[in-house]
Amino acid sequence: MEDCSQKYSCRTAKKTLEWINAIVTFIKPYAFLTKAHVTNFFTHKLWQSIDPDWLHCLRNEPVQNLLLIPCGIIQEHWPASLKEFVLDLKSLAFPREQAHLNKLFPGVNVVSLNSVLALGMNFKKKHEVEVLSAVVSSIANSVGAQTIVDVGAGQGYLAQVLSFQYQHSVVAIDACSHHGTVMEKRAERIKKHYTAQMRKHYPEIGIPNVPKTITSRVMSIDMLKALTSMSPHIDNVKRPELIGQVADDKTSLILAGLHACGDLSVTMLKTFIECKDVKAVVSIGCCYNLLSEGCLDIAGSQCGFPMSCGVKSAGISLGKSSRDLACQSAERWRILKEDAGRHNFELHAFRAAFQMVLCKYYPEIITSSPSIGRQGKVLRRQQQRRILQSSINCEGKHSSMPETISHMQELCLRHMSESKTGDYSGSALYSHEFSCNGGTRCNETAAANKFLLFEKFSQSGLSCLGLKSLQETHFHEIWKEAEPFAELIGPYWSLRAALGPLLETLLLLDRLLFLQEQGSSLEAIMVPIFDPALSPRNVAIIAKRI
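Reading guide: rules and limits
The numbers attached to residues start from 1 for each chain and follow its sequence in the written order. Only residues with pLDDT of 70 or above have their local features reported here, since the model is predicted, and side-chain atom pairs are shown and tallied only from 80 upward, although totals for entire chains, interfaces and linings are computed over all residues. Excluding hydrogens and water, the side-chain values take into account all heavy atoms of the structure. Side-chain atoms within 4.5 Å link the members of a nonpolar core, which is a set of buried Ala, Val, Leu, Ile, Met, Phe, Trp, Tyr and Cys residues. Accessibility here uses a 1.4 Å probe with only protein chains present; expressed as a share of the type maximum, an area under 20% marks a residue as buried, one over 50% as exposed, and anything in between as partly exposed. Note on contacts: a residue pair is in contact if any heavy atoms of the two residues lie within 4.5 Å. The definition used for a disulfide is geometric: two cysteine sulfur atoms within 2.5 Å. Centre distance within 6.5 Å is the pairing criterion for rings of Phe, Tyr and Trp, where only the six-membered ring of Trp is used; planes under 30 degrees apart are then read as stacked, over 60 as edge-to-face, and the remainder as tilted. Counting from the N terminus, the helices are DSSP H or I runs at least four residues long and the strands are E runs at least two residues long. Angles here are taken between N-to-C directions and fall from 0 to 180 degrees, while the axes themselves are lines fitted to C-alpha atoms, restricted in helices to the stretch in contact. Here is the rule for angles: anything less than 35 degrees is roughly parallel, anything more than 145 is roughly antiparallel, 65 through 115 is roughly perpendicular, and the remaining ranges are oblique. Throughout, a crossing is termed right-handed when the near helix is turned clockwise from the far one, and left-handed when it is turned anticlockwise from it by less than a right angle. Residue classes follow a fixed rule: Ala, Val, Leu, Ile, Met, Phe, Trp, Tyr, Cys and Pro count as nonpolar, while Asp, Glu, Lys and Arg count as charged, and any other residue, Gly among them, counts as polar. By this rule, a helix spans an expected 1.5 Å times one less than how many residues it contains.

An unreviewed UniProt entry annotates the protein chain as Methyltransferase domain-containing protein of Salix brachista.

### Thoughts on the nonpolar core
Among the nonpolar cores identified, the biggest contains 110 residues, and F26, F41, F42, F85, F454, L499 and L515 are the most heavily contacted of them. Not counting the four nearest positions on each side in its chain, F42 is found in contact with W47, A349, A352, A353, M356, A482, F485 and A486.

### A word on the state of the cysteines
Under the defined criterion, the tally for this structure stands at 0 disulfides. Here C286 is not disulfide-linked; the sulfur of C287 is the nearest cysteine sulfur, at 3.4 Å. Residue C286 is classed as buried on the basis of its relative accessible area, which comes to 12%.

### Regarding the packing of aromatic side chains
Overall, the coordinates contain 21 aromatic pairs when judged by the stated rule. Considering the side-chain rings of W54 and F85, the 5.2 Å spacing of their centres and the 40° angle between planes classify their relative orientation as tilted. In this pair, W54 sits in helix 3 (residues 52-58) while F85 sits in helix 5 (residues 80-92), placing the two residues 31 residues apart along the sequence. Taking the relative accessible area as the measure of exposure, W54 reaches 8% and is therefore buried. Taking the relative accessible area as the measure of exposure, F85 reaches 2% and is therefore buried. Plain terms: the ring middles of F350 and F457 are 6.1 Å apart, the flat faces sit at 50° to each other, and that makes the pair tilted. Here F350, found in helix 15 (residues 338-361), pairs with F457, found in helix 19 (residues 440-464); they are 107 residues apart in sequence, far enough to count as distant. With relative accessibility at 1%, the residue F350 sits in the buried group. Note on F457: relative accessible area 4%, which makes it buried.

### Topic: the packing of helix 15 against helix 20 (residues 472-482)
The contact between helix 15 and helix 20 brings their axes to 10 Å, and the two run at 125°. Compared by their axis directions, helix 15 and helix 20 come out oblique. Handedness of the crossing formed by helix 15 with helix 20: right-handed. Of the residues in helix 20, those in contact with A349, F350, A353, M356, V357, K360 and Y361 of helix 15 are H474, F475, E477, I478, W479, E481 and A482. Residues that form the contact of helix 15 with helix 20 fall into these classes: 10 nonpolar, 1 polar and 3 charged.

### Overview of helix 22 (residues 500-516)
Under the 1.5 Å per step criterion, the end-to-end length of helix 22 is 24 Å for 17 residues, consistent within 8% with the ideal 24 Å. With 17 of its 17 residues buried, helix 22 lies for the most part within the structure.

Have a look at this one:
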């Protein structure tokens, strides 16, 4: 069953380790990118670490071409070394195109969810649950599992589809008691619907099963083993102290996790190895930034990375910045429109310039690695009407047409003033590069607008950190220093983001290798089961006993 790229393979432990070693060899010279943080772009002058020829080429490149770099797409006029870098990255990264599931799982049938089961799901979640439930059901049937355990179940979307649509016995485990309450109420509403349908059309069939709920924080392999052992024999459990009441009767289980966060995905794989009652595992990880790391010298350590003996023996470490980078989505950036990409780069520039504000005026706060949240969306929502109005005025003053707002422009203004979402990623309504025949006047307006955006961003950031605000002159001083280099942040960000898929490949191959090192008693594969544009973390690690 071939599930990897043509140049590299992960069919066997030996081939997987060869792939891992090739990745490690490649990324070592680029530690200055993987271990950097874009917030330090101006304070550490990060652009100086990039090949001058690359930077000279990319600083004038259209934004759309920069957004394609993480997907491995090159331009013919680029320097040969830059093209080689991007293409090598692409050849080393695990392919993300959604697999043909029918070829991998004979008989699998992805069914569109009805309105009752899909209630509350956004389009992304609906896609994920439809696909994963079909795959998990197929695997559960193939191994004869009596119960499916949904680990990190959240609001129970996957568990409920497996229970009501595929008629499996399901146990949902989640750490959040609120999620457990929501899950149970949602399941009861769905149960009422299905019960009514069955009584109407199939009166001989009994009342449908509702997924059992366990509210407990899975902190260790032993805890998950205990939960999975007791789960088929209990009703809904909200008291973690019940852990340890392991039933005597043997049962067969399958563990499933849809974006089980951080170490939880790792714990699932280790539980599969150690608990013989678990016949298969389907794990789709996420939040690599939350993985534990740095336990190479601790005997019996249970760190999230590295898992495999092969990677541990090589002494490979990544660090938080690299694991953050592994969360980047090349497909998401590829489908962004030009204006959305430009605004993304602007926000990175504002955040990096804000770091200069902190370093200069609040040096004591820097040691705490301050987080100011997502100020960009709020900032854009506040400023869009003013910037569009400015562009309209600019066009009017340098045009023979009367100074009136067109019907379409009025609709745009009204839409922005009424919108609650702040999501304008697909429009050019707030671009600072207005189409003006007057030239100089509009350029001055655009520059002033950008400074005002930065000032607003900084004021909001200081407020989030509980810090006293500054005078306008201080912000202007900082922005005047940063602005000449702001255009370089797009090329820098794109080159760094291109390493993201490769770092995620390394993390995933380490998990796969861990399973392959267990010998011939199990079969393990890595499969991209979701559309990567909809669900960036689309790779499932699937293992079953044979």
